[in-house]
Amino acid sequence: MEKLTRKYGLITAICMVVGTVIGSGVFFKAQNVLNATGGDMPLGIAAWLITGFLMIICSAQFAVMATKYEKVSGLIDYAEATCGEKYAYMIAWFMVNIYYPGMTSVLAWASAKYFGVLFGWDEGSPEVLVLAGFFLIMSFALNTLSPRLSGKFQVSATVIKLIPVILMAVVGTIAGFVTGTLTDNFTAVVTQAVGGKSGGLFAAVVATVFAYEGWIVATSINAELKNPKRNLPLALVIGSFIVVAAYVLYYIGVAGGASNAVLMEEGAITAFRNIFGNVGGALLNICIVVSCLGTLNGLMVGETRGMYAIAVRGEGPKPKLFSQIDSETNMTTNSSVWGLFICAVWLLYFYGANLSSGWFGVFDFDSSELPIVTIYALYIPIFIAWMKNEKGIGVFKRFLLPIGSVLACAFMVFAAIYAHGITPYLEAKEKGIFSFPVLFYLIVFAVIMAVGRLLRKPGGEEKERGK
């Protein structure tokens, strides 16, 4: 049977972390953070720092695991080694059918949205939806037909996407001090944050989760990474620190380009135009499109290998079919086709639930954030099992770091329930209606996971019982 070859180095792995994380989120979620905090800049910066700190803790824990476990697909390997094959299978099923496609579809839309800005298209227009579908297919084709070219594109896109981030961080901050806009934005609050300062902070933290997410995708290529036990931990830690620094400095720079009230209404694009002019703003907008496409490509890397990670273990539907590797491209082609299909399904859902009048009624929820927070809940058993089973590795690595990671994950789950569950419920209750998006997301989650449980092959059950 064909095996995946080791074709990626440390630079590609770091670019997987930085390039997959830094994408559309930092650009369109900055507006969400401002709206959540009522234009309170210090509170918004606190949200970016909190989420970044939590990401660093979790990535550091996985970096420790990466020095010990290495098989086919990072996170799945860690889950299998700590919690057993059944739990690893369920996480793999969640990743390939909810987590990756949920984010990938939103990134395809975000890429199309920022491209559409150049032509005056509305973000919910049919043109943007069609273009988003095209970007999905393009990314699928790049990863499936030429994985090496996909890796090179990831490196190039990472460099390009840092251009608008660095320019806005430096020029925006300087311009903001000169004009006084930055000082005004840091001292004035536009409106009261939803649910007060604490409620606004929780909502802002959850908004930043999307912008920070994607670093775990780097673990999906450990079977294709040269010297993975060295390079993967380095990539996770170095990449995480680069991302946090870039985000905080960019957010401050944006505040120098327009008033908080304008940014809350029109987003960061206005700040780019105010500072760099219409032509400069358009050029930087193109860089943002490339940035989004780079993140889309990084997520597609994980999604196209998802069913393969399940099938190579002899589990899931049609393991023989999905474990096949093309002899010419050394790529998991059949697994890729499934990934494209599921991404298309979630793109249609995102459009109907978030960009239209609400096609799914009470089952309308934000598929860009809730699946991401779910993965933090699924990390917790892995960290607890690590503390229970690992010995001879020192107190810090065995207990302190994983305990910190568990607390970080628990905070993320609470923040999501508060921001997407409790707050919408209280607002809807005042209007005499019922709305609890977290509940209805969990129903969808439970159904998809139940289907996955039914499709787990008997062979997997036998291996589990034979342990």
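What you are looking at is a predicted structure, and each value in this text was computed from that prediction instead of being measured.

Draft legend 1. Representation of the overall build of the chain within the structure. The number of helices and strands found in the chain is 19 helices and zero strands. Scaling as 2.2 N^0.38, a compact globule of 467 residues should have a C-alpha radius of gyration of about 23 Å, and the chain matches this with 21 Å. Seen along its three principal axes, the alpha-carbon backbone of the chain occupies a region of about 65 × 50 × 50 Å. Looking at the chain as a whole, 61% of its 467 residues qualify as buried.

Draft legend 2. Representation of the layout of surface pockets in the model. Space inside the largest pocket adds up to approximately 570 Å³. As for the largest pocket, its lining consists of 22 residues, and the residues nearest its centre are Ala203, Glu369, Ala419, His420 and Pro424. Of all the secondary-structure elements, those providing two or more residues to the lining of the largest pocket are α2 (25-37), α9 (196-212) and α17 (395-430). Per-element tally for the lining of the largest pocket: the top contributor is α17, with seven residues.

Draft legend 3. Seen up close, the side chain of Ser111. Tracing the sequence through the fold places Ser111 in helix α5 (residues 85-117). Taking relative accessible area as the criterion, Ser111 reaches 0% and is therefore assigned buried. Side-chain polar atoms of Ser111 contact the backbone oxygen of Leu107, separated by 2.8 Å. Those residues in contact with Ser111 that sit more than four places away from it in its chain are Phe135, Val289, Cys292 and Leu293.

Draft legend 4. How the structure looks around the packing of helix α3 (residues 41-66) against α9. It is at 8 Å that the axes of α3 and α9 come closest, and there the two elements cross at 50 degrees. In this view, α3 runs oblique relative to α9, as classed from their interaxial angle. Relative to α9, α3 is oriented so that their crossing is right-handed. Within the contact between the two elements, α3 uses Leu43, Ala46, Ala47, Trp48, Ile50, Thr51, Gly52 and Met55 and α9 uses Lys197, Leu201, Ala204, Val205, Thr208, Val209, Ala211 and Tyr212.

Draft legend 5. Structural context of the nonpolar core. Counting residues in each nonpolar core, the largest one holds 145 residues, and the members touching the most others are Phe62, Phe94, Met95, Trp215, Tyr376 and Tyr379. The element contributing the most residues to this core is α5, with 20 residues. Those residues in contact with Phe62, other than ones at most four positions away along the chain, are Leu75, Tyr78, Trp215, Ile216, Leu236, Tyr379 and Phe383.

Draft legend 6. Up close: the side chain of Thr374. With respect to the helices and strands, the residue Thr374 is situated in helix α16 (residues 370-389). Overall, the relative accessible area of 11% leaves Thr374 in the buried class. If we ignore the near neighbours within four places in the chain, the residues touching Thr374 are Phe94, Tyr441 and Phe445.

Draft legend 7. Structural detail: unusual backbone geometry. Of note in this structure, Lys318 is not a glycine but carries a positive phi near 50 degrees. Looking at where Lys318 falls in the secondary structure, it is placed in the loop between α13 (306-311) and α14 (319-322). By relative accessible area, Lys318 is classed as exposed at 58%. Positive phi, close to 55 degrees, is recorded for Asn330, a residue that is not glycine. Summarising the element assignment, Asn330 is placed in the loop between α14 and α15 (333-354). Its relative accessible area of 12% is what places Asn330 among the buried residues.

Draft legend 8. Inspection of the packing of helix α7 (residues 147-179) against helix α10 (residues 228-254) at higher detail. With their axes 7 Å apart at the nearest point, α7 and α10 run at an angle of 50 degrees to one another. As judged from the angle between their axes, α7 and α10 are oblique. Seen from above, α7 lies across α10 with left-handed handedness. Across the interface between the two elements, Pro164, Val165, Met168, Ala169, Gly172 and Thr173 from α7 touch Ala246, Leu249, Tyr250, Ile252, Gly253 and Val254 from α10.

Draft legend 9. Molecular detail of the pattern of salt bridges. Considering all chains together, one arrives at four salt bridges under this definition. Across the salt bridge formed by Glu80 and Arg313, the nearest N and O atoms sit 3.3 Å from each other. Placement of the pair is Glu80 in helix α4 (residues 74-83) and Arg313 in the loop between α13 and α14, with a sequence separation of 233 residues. With relative accessibility at 14%, the residue Glu80 sits in the buried group. The exposure class assigned to Arg313 is buried, which follows from its relative accessible area of 10%. Between Glu123 and Lys113 there is a salt bridge, with the nearest N and O atoms lying 3.6 Å from each other. Taken together, the residues span a long stretch of sequence, with Glu123 in the loop between α5 and α6 (126-145) and Lys113 in helix α5 at a distance of 10 residues.

Draft legend 10. Spotlight on helix α12 (residues 268-304). The terminal C-alpha atoms of α12, which comprises 37 residues, lie only 32 Å apart, well short of the 54 Å expected from a rise of 1.5 Å per residue. For α12, the principal kink sits at Gly277 and spans about 125 degrees. Within α12, 27 of the 37 residues are buried, leaving the element largely enclosed by the surrounding structure.

Draft legend 11. Spatial organisation of the confidence of the model for the chain. Chain-level statistics for the chain give a pLDDT mean of 85 and a share of 92% at 70 or above. Across the chain, the secondary-structure element scoring lowest on mean pLDDT is helix α19 (residues 458-465), at 47, and the one scoring highest is α15, at 94.

Draft legend 12. Up close: a nonpolar patch on the surface. On the surface, Leu348, Trp359, Phe360, Val362, Phe363, Phe434, Leu439, Ile443, Val447, Val451 and Leu455 cluster together into a nonpolar patch covering about 930 Å² of accessible area. Considering every element that reaches the nonpolar patch, the biggest residue donor is helix α18 (residues 437-455), with five residues. With respect to the element layout, Phe434 can be found in the loop between α17 and α18. The class for Phe434 is partly exposed, based on a relative accessible area of 46%.

Draft legend 13. Summary view of the packing of aromatic side chains. Counted under the stated rule, the structure contains 32 aromatic pairs. Ring geometry for Phe94 versus Tyr99: centroids 6.2 Å apart, planes at 40 degrees, classification tilted. Judged on exposure class, the residue Phe94 and its partner Tyr99 are both buried. Chaining the aromatic ring pairs together yields one cluster made of Phe94, Tyr99, Tyr100, Trp346, Tyr349, Tyr351, Trp359, Phe360, Phe365, Tyr441 and Phe445.

Conventions adopted
- Residues numbered from 1 in each chain as written.
- Predicted model: local features only at pLDDT ≥ 70, side-chain atom pairs only at ≥ 80, totals over all residues.
- Heavy atoms only, no water.
- Helix = DSSP H or I, 4+ residues; strand = E, 2+ residues; numbered from the N terminus.
- Rg over C-alpha atoms; globule rule 2.2 N^0.38 Å.
- Buried < 20%, exposed > 50% of the residue type's maximum accessible area, 1.4 Å probe, protein only.
- 1 Å grid on protein atoms, 1.4 Å probe; cavity = no way out; pocket = protein on both sides within 12 Å on 5 of 7 lines; lining within 4 Å.
- Points joined across faces, edges and corners; volume = space filled by probe spheres on them.
- Polar contact = N/O pair within 3.5 Å; in protein donor to acceptor, adjacent residues only side chain to side chain.
- Contact = heavy atoms within 4.5 Å.
- Axes fitted to C-alpha atoms, helices over the stretch in contact; angles between N-to-C directions.
- Parallel < 35°, antiparallel > 145°, perpendicular 65-115°, else oblique.
- Left-handed = near helix turned anticlockwise from the far one by under 90°.
- Core = buried A, V, L, I, M, F, W, Y, C linked by side-chain atoms within 4.5 Å.
- Salt bridge = Lys/Arg side-chain N within 4 Å of Asp/Glu carboxyl O.
- Expected span 1.5 Å × (residues − 1).
- Bend = angle between axes of the 7 residues up to and from the residue.
- pLDDT = per-residue confidence, 0-100.
- Patch = residues over 30% accessible without salt bridge, like charges linked within 9 Å, V, L, I, M, F, W, Y side chains within 5 Å.
- Areas by Shrake-Rupley, 256 points an atom, 1.4 Å probe, with all protein chains shown as cover.
- Phe/Tyr/Trp six-rings, centres within 6.5 Å; stacked < 30°, edge-to-face > 60°.

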